[in-house]
Amino acid sequence: MDLRIFTEPQQGATYDTLLTVAKATEDLGFDAFFRSDHYLSMGSADGMPGPTDAWITLAGLARETRRIRLGTLMTAGTFRLPGVLAIQVAQVDQMSGGRVELGLGAGWFEDEHKAYGIPFPKEKFARLEEQLAIVTGLWETEVGRTFDFHGTYYDLTDSPALPKPAQAKVPVLIGGHGAVRTPRLAARYADEFNIPFASLDDTRRQFARVRAAAEEAGRPADALTYSNALVVCVGKDDAEVARRAAVIGREVDELKANGLAGSPAEVVEKIGRYAEAGSQRIYLQVLDLDDLDHLELISSQVQSELTA
């Protein structure tokens, strides 16, 4: 089971904070550092000192880290034109020496679009499908050839399809809870399917849908990696769990029901149940980015048990 660190910087984080967490992620042996792609805080968080851009952040981290994978859960398709996004991701992949992964979603948080003057179209999912075709098509085009795409929402003519990523294939992540269109899109374009904040039963059902869609599309179901994103709150004892839950404004019982919370042994056991449901990788949503002891505890007493 791969464990990856997943952050939500829109809730309040500077680049320096994210760099500190990314370096701890690398030093403590986690597989990857991922971040969300949002420009407005949610819930009661004040979001100070303000948002950081996902791909600018990852460009900086690409030069400051050496081993860990770097990526987004999920880049909002509404934020960037697909041709521009293909250039940005390819460049950051080059800067990292081939360690980037692209999670791409339709975009959903209307308020952040209003706050920063970003168009929020109604037909987001249909646009996402064209975006995936363009981004992957640009990367796959042979050097010296051009790429054309004539869709409903985007039109590209004689694109040189440059630059190319360092990797021969940048892994593409698609995720969500949709029962029909999401599995179909994942079957066509994804290297990894991620279901965020889902119960064990919902995880089983959605993974089964994606596996069936892949086989229907002529791909082996096992060609995709299947993953979960879950909030994490681990403590050496009940008091430490309660303290960490309070800091992020959550209740312990709710966290245990909907995420990975409790003692290291409790969390290892629950991760095992997700593995039985088909999960191969878990993105640990870490909400208190100042608590590096939390990461150390997860590394030494959770991750170590899963890799023993």
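You'll find the structure just up there.
The sections below set out a description of the structure shown in this document.

### Here's the deal with the pairing of strand 1 (residues 2-7)
Buried residues dominate strand 1, accounting for five of its six residues. Direction of pairing for strand 1 relative to strand 12 (residues 281-286): parallel, over a ladder of six bridges. Looking at the pairing, Asp 2 lines up with Arg 281 of strand 12. Across three bridges, the pairing between strand 1 and strand 2 (residues 32-35) is parallel. Across the sheet, Phe 6 pairs through a bridge with Phe 34, a residue of strand 2.

### Thoughts on the environment of Leu 287
Within the secondary structure layout, Leu 287 lies in the loop between strand 12 and helix 11 (292-306). For Leu 287 and Lys 270, which are 17 residues apart along the polypeptide, the C-alpha to C-alpha distance reads 19 Å. Look past the residues within four positions of Leu 287 in its chain and what remains in contact with it is Glu 8, Val 231, Ile 248 and Arg 250.

### Topic: the nonpolar core
Counting residues in hydrophobic clusters, the biggest one holds 75 residues, and the most contacted among them are Trp 55, Trp 139 and Leu 284. When residues of this core are assigned to their parent elements, the largest contribution, eight residues, is made by helix 5 (residues 124-140). Excluding residues that lie within four positions of it along the chain, Leu 284 makes contacts with Leu 3, Arg 4, Ile 5, Phe 6, Phe 30, Leu 230, Val 232, Leu 260 and Ile 298. Core analysis: the next-biggest nonpolar cluster, separate from the first, contains eight residues, Phe 6, Ala 32, Phe 34 and Leu 173 among them.

Calculation criteria
- Residues numbered from 1 in each chain as written.
- Predicted model: local features only at pLDDT ≥ 70, side-chain atom pairs only at ≥ 80, totals over all residues.
- Heavy atoms only, no water.
- Buried < 20%, exposed > 50% of the residue type's maximum accessible area, 1.4 Å probe, protein only.
- Helix = DSSP H or I, 4+ residues; strand = E, 2+ residues; numbered from the N terminus.
- Pairing = 2+ DSSP bridges.
- Contact = heavy atoms within 4.5 Å.
- Core = buried A, V, L, I, M, F, W, Y, C linked by side-chain atoms within 4.5 Å.

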